[in-house]
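Geometric and topological summary
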Amino acid sequence: QVQLVESGGALVQAGGSLRLSCAASGRTFSNYAMAWFRQAPGKEREFVAAINWSGVRTYYADSVKGRFTISRDNSKNTVYLQMNSLKPEDTAVYYCAANEVIITTTGYHYWGQGTQVTVSS
């Protein structure tokens, strides 16, 4: 029912910034909590950030707190992840996810295909 498409991944130097976007299909985008996860090579997928349907509630992994900002524009059916002060350990495939209830685990109902973020040292 819900399709998610990520974009914005790139190769960037440490200390640089990127903004990822996730475009959602359908007419019920505003009803979903949205989240970003990432998965580095050889590692499990981990939670990065989440935002509730209204944008009032946000959650961040400790590893990105203060550097990343999640936001959404329901009029555009899009969620964003602004990433500043990037570190090599941020290198991963970043996935957008949607769920009816906001959670900070990988148990989201809908997932995008991911976008590669590579941070060089």
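The present account deals with the structure reproduced in this document. (Residues numbered from 1 in each chain as written. Predicted model: local features only at pLDDT ≥ 70, side-chain atom pairs only at ≥ 80, totals over all residues. Heavy atoms only, no water.)

To continue, consider the overall build of the protein. A count of helical and extended segments in the protein gives zero helices and eleven strands. Order of helices (α) and strands (β) in the protein, N terminus to C terminus: β-β-β-β-β-β-β-β-β-β-β. For 121 residues, the compact-globule formula gives about 14 Å, and the C-alpha radius of gyration of the protein, at 13 Å, lands near that figure. Seen along its three principal axes, the alpha-carbon backbone of the protein occupies a region of about 40 × 25 × 25 Å. Considering only intrachain contacts with a sequence separation of at least 6, the fraction spanning at least 24 residues in the protein is 57%. Carbon together with sulfur atoms contributes 46% to the accessible area of the protein, which is approximately 6300 Å² in total. Here the protein contributes 11 positive and 8 negative side-chain charges, whose respective centroids are spaced 5 Å apart. (Helix = DSSP H or I, 4+ residues; strand = E, 2+ residues; numbered from the N terminus. Rg over C-alpha atoms; globule rule 2.2 N^0.38 Å. Contact = heavy atoms within 4.5 Å. Areas by Shrake-Rupley, 256 points an atom, 1.4 Å probe, with all protein chains shown as cover. Lys, Arg positive; Asp, Glu negative; His and termini not counted. Charge placed at Lys NZ, Arg CZ, Asp CG, Glu CD.)

One pass over the full model with this rule turns up four salt bridges. A salt bridge links D62 to K65; its shortest N-O distance comes to 3.1 Å. Accessibility expressed as a relative area gives 65% for D62, which makes it exposed. Here the salt bridges share partners, and the residues they tie into one network are R38, E46, R67 and D90. (Salt bridge = Lys/Arg side-chain N within 4 Å of Asp/Glu carboxyl O. Buried < 20%, exposed > 50% of the residue type's maximum accessible area, 1.4 Å probe, protein only.)

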